[in-house]
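Next come the chains, spelled out residue by residue.
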Amino acid sequence: MDQDSERAQFVDAHWKTLVQRVIMVMAIADELQSDGMLEWEPYCKIKAAVTNQQKMRELYEVLQSGGDQVKSAFYSSLEKHEPYLLGDLGSIKLMGESLADCLNKYKMWIQKEYEYVTEYNSLPGENVLLSERFTQPLIIMRHRERREREEEMCSVGESFQQLLVSRNNADKDSSILDALFGADSKGISPNSVILQGNSGNGKSFTAQKIMLDWASGKLCKVEFDCLFHLKCKEVNHVSGEQSLTELLSYNSNLTSEQISRILQKSSEKVLILIDGFDELRFSFSDFSDHLKLKDLSEKAPREASLKVLLMGHILSKTSLLVTTRSTATNTLDSLLKHPKRFTEIMGFSEREVKEYFQKFFQDEELFIKAYEYVRSNETLITACSIPVICWIICTVLRERFSEGSDLTSGLETTTSIYVDFVCTLLEHHSQGLSQPVPTLLRSLGQLAERGMLDTQVLFEEKSVDEMVSASPFLCKFLFKRRIRKETMFSFMHLSFQEFFTALYYISQEEREFLDKLTERFHSQTQSYLSLYLDKDFPLKYGCPEPHFLPVVQFLCGLSNSEVSRSLQEMYNLSVPSFVQPQLREWILDMSKSGVYSYLPFILHCLYELHEKEFVQKAMEAWLELDMSWDPLSRTDCWALLYCLDCCPHFRSLKLNFAASELKMLQDVLCRTPKLGLNSSCLSDQSVQQVLKALHKQKKVGGLQISVKSITADTALILTDFLQSCSKAEWEEISLSTSDVESLCSSLRLFSFEGKLVVNVVRLCLSIQNQPSLSEIILNCPRSEASNIDIKSFTESFHNINCIAEESVDFDRNLHALLTLLTSMSGLSALNLSVPFLTETWASRVLFLVESSPKLTVINFHAGSWCSDGVKWLPGLLLEEGIKLLKESAKRPECIVNIRGFRCSKSSERCSRHTEHIDQLSCNQRVTIQFCGDQCTEDIKLKLVLPDEN
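Residues numbered from 1 in each chain as written. Predicted model: local features only at pLDDT ≥ 70, side-chain atom pairs only at ≥ 80, totals over all residues. Heavy atoms only, no water.

(A) Representation of the packing of helix 36 (residues 790-801) against helix 37 (residues 808-822) in the model. Interaxial distance between helix 36 and helix 37 falls to 9 Å at its minimum, and their mutual angle equals 155°. Regarding the angle of helix 36 to helix 37, the classification is roughly antiparallel. Considering how the two elements wind past one another, helix 36 and helix 37 form a crossing that is left-handed. Residue-level inspection shows Ser792, Phe793, Ser796, Phe797, Asn799 and Ile800 of helix 36 in contact with helix 37, the latter providing Phe810, Asn813, Leu814, Leu817, Leu820 and Leu821. Taken together, the residues of the contact of helix 36 with helix 37 break down into eight nonpolar, four polar and no charged. (Axes fitted to C-alpha atoms, helices over the stretch in contact; angles between N-to-C directions. Helix = DSSP H or I, 4+ residues; strand = E, 2+ residues; numbered from the N terminus. Parallel < 35°, antiparallel > 145°, perpendicular 65-115°, else oblique. Left-handed = near helix turned anticlockwise from the far one by under 90°. Contact = heavy atoms within 4.5 Å. Nonpolar A, V, L, I, M, F, W, Y, C, P; charged D, E, K, R; others polar.)

(B) The nonpolar core, seen in detail. Ranked by size, the top nonpolar core spans 186 residues in total, and within it Phe357, Ile389, Phe421, Phe500, Trp586, Leu821 and Ile898 carry the most contacts. Counting residues per element, this core draws most heavily on helix 20 (residues 387-402), at ten residues. One finds Leu130, Val222, Leu315 and Leu335 within the second-largest nonpolar core, a separate group that totals 72 residues. (Core = buried A, V, L, I, M, F, W, Y, C linked by side-chain atoms within 4.5 Å. Buried < 20%, exposed > 50% of the residue type's maximum accessible area, 1.4 Å probe, protein only.)

(C) Geometry of the side chain of His81. In this fold, His81 is placed in helix 5 (residues 52-81). At 3.4 Å, the side chain of His81 and the side chain of Glu31 are in polar contact. Once residues lying within four places of it in the same chain are set aside, the contact partners of His81 are Met24, Ala27, Ile28, Glu31 and Glu257. (Polar contact = N/O pair within 3.5 Å; in protein donor to acceptor, adjacent residues only side chain to side chain.)

(D) Expanded view of the sheet that holds strand 10 (residues 474-481). Taken together, three strands build an open sheet; the order of strands is 9-11-10 and the sheet is antiparallel. Strands at the two margins of the open sheet, each flanked by one partner only, are strand 9 (459-460) and strand 10. Of the strand pairs in this sheet, strand 10 and strand 11 (residues 484-491) are connected by eight bridges, and their pairing is antiparallel. Opposite Lys480, over in strand 11, you have Lys485 as the bridge partner. (Pairing = 2+ DSSP bridges.)

(E) Expanded view of helix 36. Compared with an ideal rise of 1.5 Å per residue, which puts twelve residues at 16 Å, helix 36 spans 17 Å between its outermost C-alpha atoms and is within 8% of the ideal. Measuring from the side-chain oxygen of the N-cap residue of helix 36 to the backbone nitrogen of Lys791 gives 3.2 Å; that N-cap residue is Asp789. (Expected span 1.5 Å × (residues − 1).)

(F) Structural detail: the environment of Arg812. Relative to the elements of secondary structure, Arg812 occurs in helix 37. With twelve residues separating them along the chain, Arg812 and Ile800 place their C-alpha atoms 9.2 Å apart.

(G) Main features of the pattern of salt bridges. Tallied over the entire structure, the rule returns 33 salt bridges. Each member of the salt-bridge network shares a partner with another, and the members are Arg144, Arg149, Glu152 and Glu344. (Salt bridge = Lys/Arg side-chain N within 4 Å of Asp/Glu carboxyl O.)

Pasting the structure below:
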């Protein structure tokens, strides 16, 4: 039997199977027609048939009439286009490798190609591991409401992070594919998924990670036999008509025939990942004629092949994952087959930012320095939700660290990072812009300014279309409004809107620039503006509107010489010479006026300006810095550190900060001549850090610290401080807590007339629950400070107030405290605050007078401090106590003053159980003084508090 007959016999024997399984029908028909084996009329009938089976039945008529020669030619074409099918059927000559081997080689190729990434600034031959850059972003599985968008746009720092985490509803611990294709609450799994994300949010990195995980065998619940990656950037460069298998082969080591075989075997277990739908440079509106395409091998314009794939006319059971910017989501949604799911990359929360920095630096010390630097800047940590900004910051900081730059010198300004971000998006995410870059930036700036003036962050589609063409810096949103959909636009965040507003202002002519800023700086004084406006420097004497402050900061940053040089070199955007002098003159005027409420803002402007000589000049007016009114943010701390580093000769500093800022400020605390601190919720460890930083201080002002609890360790820390810095000049150290289990409510050490004063207080929670001893104030010479055991003192004070006066242990504990007081050799004055003066307490006062030879004054106050620490709850001076003090012999060198209410009734006097004693007419506020045998009584109209002695 000759070859033609053998092949013809094979075709006849397997014809029923061939009809069902051949998918490259048109490729075979094209070949037969070009070889003269197929006439034009039957070729047209084959092409007109809808399904592959119908096409094969039309082709069978030709094979039957053509005989063995035509069947042999058909077999040869099958060898070329359907080798695996022939292999399954036991062909005359088995061709090609098995499907499993083919897939294994494909996976190995993906692992090799996708393991590395090339960064924007990589030199030829440079690349880094994907694992050192990829951090899984937060993904949301729903559309956000308008209110949610506005909240995210206007939030910064901690509040922004909380919003991000609350929005995320994808399981962080599951694989990306499980999150995207897993069944929803109704048990429905999508056939196609839209993965939306802004420019630089990591869509392509996520696609690459999905491909690499599959090829590396990473397990997930959603299983796919094969993944194909279609990059839309590459599709733009494809010319001529292409079949779908040919398009899929562009980013693969598989041939179109091998891809055809894979799709033929299990199309429902295949995922096609279409990356960058928004980057396609063609429309899908003109290819209705090609929607009849049913054959994978049939050639058509690339637009038509993609359209039938998206709509499910071909490979209806194959899963699709399409990444896109928000600007193309609506178009994509109108094409995509059902069931479909919308998802969106939200970017990084602070947790992912930290993970990204760790992977990038691969060095714990550098990672901590870089991460803490960014974390301290509320604007930058918010912007870091955009992954590409994380890369920019890490890249710049790594270069700075390699140059030996110091953190306090200010590694990078916020403006410089934003400029780098704009340049990155323009260079790598802005293909096919319809406007020149300067025009685009100016248009964006106009839109941004309009939003700033109208205090809006969402823009209607019509107003955007009037001003800006397609831009990577704008996000598009669809909202439901009653019975229709509404399209809105926004910048990625309010901070970018503020940045583009500043960028717009520097593009103006001088007169226009000054007019715009003058209006913002003097909005409250327009009616009499001309009376005092400085014509040369019109910004002077003005204060920017509160919502406009970030724009001014960005203007300062843009006028920095290094930043302006970058803009000039990259996009021929020059910052006019008149900008910086105007801003400088305004800053100097604000500094000289000493408006402390604007001090943090001025420091931020100086930081963004980053011109050391001018910072020194501006800081001369602020040699005494008072920033104690409001707690410092981490961002404030960095600006303060930079400015003080430029001006090391400042004299005095008053600060209000929390525990998280303590580490940042330690360097400043150590070198401030005169320091006043106000802090909150510090642990014992943090208190120790503060005092350690103050150890070598020449002069310490007021130090008020709110702590978690005043413990024995806290008291020991203060004792050590007193013993180690006896020569230092300090005014006050005050600790307070709301912890009811604490040794005391407040502990205060301060200097008064050359003496050390120690003040310990236990606040009264209620009238029925007054402490037995509410307050002790003791005075001794500063030279004796190192001999005071604060720990034992506060513990004894606490022990008294832990038990009731009726307890058998009370007298023992109180005696221990009184003995401790009398052992203080330098004790010269003592204040005691007790709810009532009883006979027992009078005897204790007498014990102190006789046992402390250097004690010259004892002030006894009947009453307690209320829980707010401000209101005084007055108490009674009982007659038996007064009587004992009068009749007892007393050392004449020691004066005893007792203060409180005394009942004037001769009988049935008020007792310790009488309520509202200060409101009864029988009770008078008195001060009784005992000096030796002498006793004088003074009726007071005004309440004298314990700390007014």
